[in-house]
Amino acid sequence: AQKVTQAQTEISVVEKEDVTLDCVYETRDTTYYLFWYKQPPSGELVFLIRRNSFDEQNEISGRYSWNFQKSTSSFNFTITASQVVDSAVYFCALSEASYDYKLSFGAGTTVTVRA
Amino acid sequence: DTGVSQDPRHKITKRGQNVTFRCDPISEHNRLYWYRQTLGQGPEFLTYFQNEAQLEKSRLLSDRFSAERPKGSFSTLEIQRTEQGDSAMYLCASSSRGGGTEAFFGQGTRLTVV
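The model shown is predicted, which means the values in this text are computed figures rather than measured ones.

A.B. asks: Break down the state of the cysteines for me, citing the residues and quoting the values.
C.D. replies: All names here are of chain A. The final tally for this structure, using the stated rule, is 2 disulfides over all chains. Paired through a disulfide, C23 and C92 show a sulfur-sulfur distance of 2.0 Å. The sign of the S-S torsion, about -65°, decides the handedness of the disulfide formed by C23 and C92: left-handed. Within this pair, whereas C23 is found in the loop between β3 (19-21) and β4 (24-26), its partner C92 is found in strand β10 (residues 88-96), the two being separated by 69 residues in sequence.

Quick look at the structure:
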């Protein structure tokens, strides 16, 4: 069974600080996909980034970056130079190739960025 | 607006009543999903359509729940004989295919059963 754990419930930072969100996953599939979504107060889940299990190259996209390590089953996400508009709940999610219609989400981490 | 739209955004109903929610996916997407999200939790998968065919249903989807996607376009989710435990946000999403393609979510329908 697939499982996603986000150990951090809430994170509060001051604007311009960096924020790193932790995500640990469990899966038996060798091919899987990892995602980060953002849910602002409006309720809509917004897709941020995706990573395939066969590509461990870490990347930076604007103020977002991620660290994917298969050896520790972790897929951490960093927001650089946080802004008030980054305040939201962030979800890590996993999709296995054998069940590619289903996303399994973690419980989410609430990020509050203070001015 | 070319995103996923859901209607209504909010629904308050009395216990025992039936409710129906609608989802209009992104037009070119053939895959449609329903998720349920309770307070403080991540969304949980309910069901999945590919075109008009409902291909998977979670055990969370009791026999009081039914979903349809006639003609492979919009979808409806009906809950019969609502219970207080049904109070949640119901999210709809769509994607063009599977295999790790990102799903795009609507803003959800928040159901409150009183």
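Picking up after the structure, the text goes on.
A.B. asks: I'd like to hear about the pairing of strand β5 (residues 44-50) of chain B, residue by residue, with values.
C.D. replies: All names here are of chain B. Of all the 7 residues making up β5, 5 are buried; the element is thus mostly covered by neighbouring parts of the structure. Here strand β4 (residues 31-37) pairs with β5 via 6 bridges, running antiparallel. Residue pairing across strands places Y33 opposite Y48, the latter belonging to β5. Hairpin connection from β4 to β5: 6 residues lie between these consecutive antiparallel strands, with G40 at a positive phi of about 80°. Looking at chain direction, β5 and strand β6 (residues 53-57) are connected through 4 bridges and run antiparallel.

What counts, and where the lines are drawn
- Residues numbered from 1 in each chain as written.
- Chains lettered and ligands numbered in written order.
- Predicted model: local features only at pLDDT ≥ 70, side-chain atom pairs only at ≥ 80, totals over all residues.
- Heavy atoms only, no water.
- Disulfide = S-S within 2.5 Å.
- Helix = DSSP H or I, 4+ residues; strand = E, 2+ residues; numbered from the N terminus.
- Buried < 20%, exposed > 50% of the residue type's maximum accessible area, 1.4 Å probe, protein only.
- Pairing = 2+ DSSP bridges.

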